[in-house]
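Descriptive structure summary
Here's the letter readout for the chains.
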Amino acid sequence: MSQCECHDTAAALSANTDHARRRVLWIVLAINLLLFAGEFGAGWWGDSSALQADSLDSLGDALVYGLSLWVIGGTLRQRSKAVFLKGWIQALFGVAVLVEVGRCAWFGTEPLALVMAIAATVALVGNLACFALLTRFRSDDMNMRSVWLCSRNDLVNNLGVIAAAGLVAWLDVAWPDLVIGALVAALFLHTAAHVLSGAWKDWQQSDGLASQDSRSTSCASRR
């Protein structure tokens, strides 16, 4: 097989992979927007910090998936910029959730356990579907790994809210809801640190590739 044929085959495989990524990202983006609307409404109605935190997680994921769609097929430098932005989105939401938990702890809250449990269970089903769809792409690059990490975190958050609902119903106190809300915020911040660290490594790698390309171009021009 000639070099030209090998190049054409590789390009076709890459295009097919990019198309599959885009299709999956559009699906999980739509799911997360629906989950955000449903959980936020339920969290407001049920006076639940944990549910509202989980809804922000879904909104953050939708933004992350949108950024991932934007940079599919882009250069390493472009993908690194998108991952940086994803990390800062996660960090911002983590801080926002901590502020909301603090507000509820200060002014008091009376979460409705049944509303929490139903909304979190529906979200768990939706996020299981997202997790299954994204798993095959988790090792492609940091861009796709970051969206897979977001999906994995969603499952942990949903299970946490369900556990909090059970404790609220059993003990008839509000603190389990606040604890889970704070833990969701901590998970946001942990994921942000991991994503930003990976983005920095990719950024350094892109700098190295840019330097190599510059040297190659310089050598070719001298010839």
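Residues numbered from 1 in each chain as written. Predicted model: local features only at pLDDT ≥ 70, side-chain atom pairs only at ≥ 80, totals over all residues. Heavy atoms only, no water.

Thoughts on the overall build of the protein
- Summing up its helical and strand segments, the protein has 6 helices and 0 strands in all.
- Shown N-terminal to C-terminal, the secondary structure of the protein runs as helices and strands in the order α-α-α-α-α-α.
- Per-residue burial over the protein gives 45% buried out of 223 residues.
- In the protein, once contacts between residues fewer than 6 apart in sequence are set aside, the share between residues at least 24 apart is 83%.
- When the accessible surface of the protein is summed, it comes to about 11800 Å², and 67% of that surface belongs to carbon and sulfur atoms. (Helix = DSSP H or I, 4+ residues; strand = E, 2+ residues; numbered from the N terminus. Buried < 20%, exposed > 50% of the residue type's maximum accessible area, 1.4 Å probe, protein only. Contact = heavy atoms within 4.5 Å. Areas by Shrake-Rupley, 256 points an atom, 1.4 Å probe, with all protein chains shown as cover.)

Notes on the pattern of salt bridges
- On inspection of all chains with the given rule, the structure shows 1 salt bridge.
- When the shortest N-O distance is used, the salt bridge between R103 and E100 registers 2.9 Å. Of this pair, R103 and E100 both sit in helix α3 (residues 76-107), 3 residues apart, which is roughly one turn of the helix.
- For R103, a relative accessible area of 42% translates into the label partly exposed. (Salt bridge = Lys/Arg side-chain N within 4 Å of Asp/Glu carboxyl O.)

Quick notes on the confidence of the model for the protein
- Overall, the predicted model of the protein reaches an average pLDDT of 79, with 78% of residues at or above 70.
- Predicted confidence in the protein is weakest over helix α6 (residues 175-222), with a mean pLDDT of 71, and strongest over helix α4 (residues 113-135), with 93. (pLDDT = per-residue confidence, 0-100.)

So, α4
- For α4, which comprises 23 residues, the first-to-last C-alpha distance of 32 Å matches the rise-based estimate of 33 Å (1.5 Å per residue) to within 8%.
- Listed as buried for α4 are A113, V115, M116, A119, A120, A123, L124, G126, N127, C130 and L134. (Expected span 1.5 Å × (residues − 1).)

Notes on the nonpolar core
- By size, the foremost hydrophobic cluster in this structure holds 23 residues, and its most contacted members are L51, V97, M116, V161 and I180.
- Filtering out sequence-adjacent residues up to four positions away, I180 remains in contact with A50, G160, V161 and A164.
- Counting 17 residues, the second-largest nonpolar core is a separate cluster that includes A20, V24, W148 and L149. (Core = buried A, V, L, I, M, F, W, Y, C linked by side-chain atoms within 4.5 Å.)

Some thoughts on the packing of aromatic side chains
- Considering all chains together, one arrives at 3 aromatic pairs under this definition.
- Both rings, one in F36 and one in F40, keep their centres 5.8 Å apart while their planes meet at 40°; by these two values the pair is tilted. With F36 and F40 both in helix α1 (residues 3-46), this residue pair falls 4 residues apart, about one helical turn. (Phe/Tyr/Trp six-rings, centres within 6.5 Å; stacked < 30°, edge-to-face > 60°.)

Regarding the side chain of N158
- Tracing the backbone shows N158 in helix α5 (residues 142-171).
- Of the polar contacts made by the side chain of N158, one reaches the side chain of D54; its length is 2.5 Å.
- For N158, the residues in contact, after removing those within four places along its chain, are E39, D54, A120, A123, L124 and N127. (Polar contact = N/O pair within 3.5 Å; in protein donor to acceptor, adjacent residues only side chain to side chain.)

Thoughts on helix α2 (residues 49-71)
- The terminal C-alpha atoms of α2 lie 33 Å apart, and with 23 residues this matches the ideal 33 Å at 1.5 Å per residue to within 8%.
- A large share of α2 lies buried, amounting to 19 of its 23 residues.

What about a nonpolar patch on the surface?
- A surface patch of nonpolar side chains, amounting to about 630 Å² of accessible area, comprises L167, W170, L171, W175, V179 and L183.
- Among the secondary structure elements, those contributing two or more residues to the nonpolar patch are α5 and α6.
- Relative to the helices and strands, L171 resides in helix α5.
- On the accessibility criterion, L171 (36% relative accessible area) is partly exposed. (Patch = residues over 30% accessible without salt bridge, like charges linked within 9 Å, V, L, I, M, F, W, Y side chains within 5 Å.)

What to know about the environment of L92
- Topologically, L92 is positioned in helix α3.
- Spatially, the C-alpha atom of L92 lies 9.5 Å from that of G60, the residues being 32 residues apart in sequence.

A few points about the side chain of N157
- For N157, the location among the structural elements is in helix α5.
- Ignoring sequence-local partners within four residues, the contact set of N157 consists of D54, D57, V184 and L187.

Section: unusual backbone geometry
- Phi is positive for D47, which is not a glycine, with a value near 55°.
- With respect to the helices, strands and loops of the structure, D47 is situated in the loop between α1 and α2.
- Positive phi, normally seen in glycine, also occurs at D172, with a value near 55°.
- Within the secondary structure, D172 is located in the loop between α5 and α6.
- Judged by its relative accessible area of 68%, D172 is exposed.

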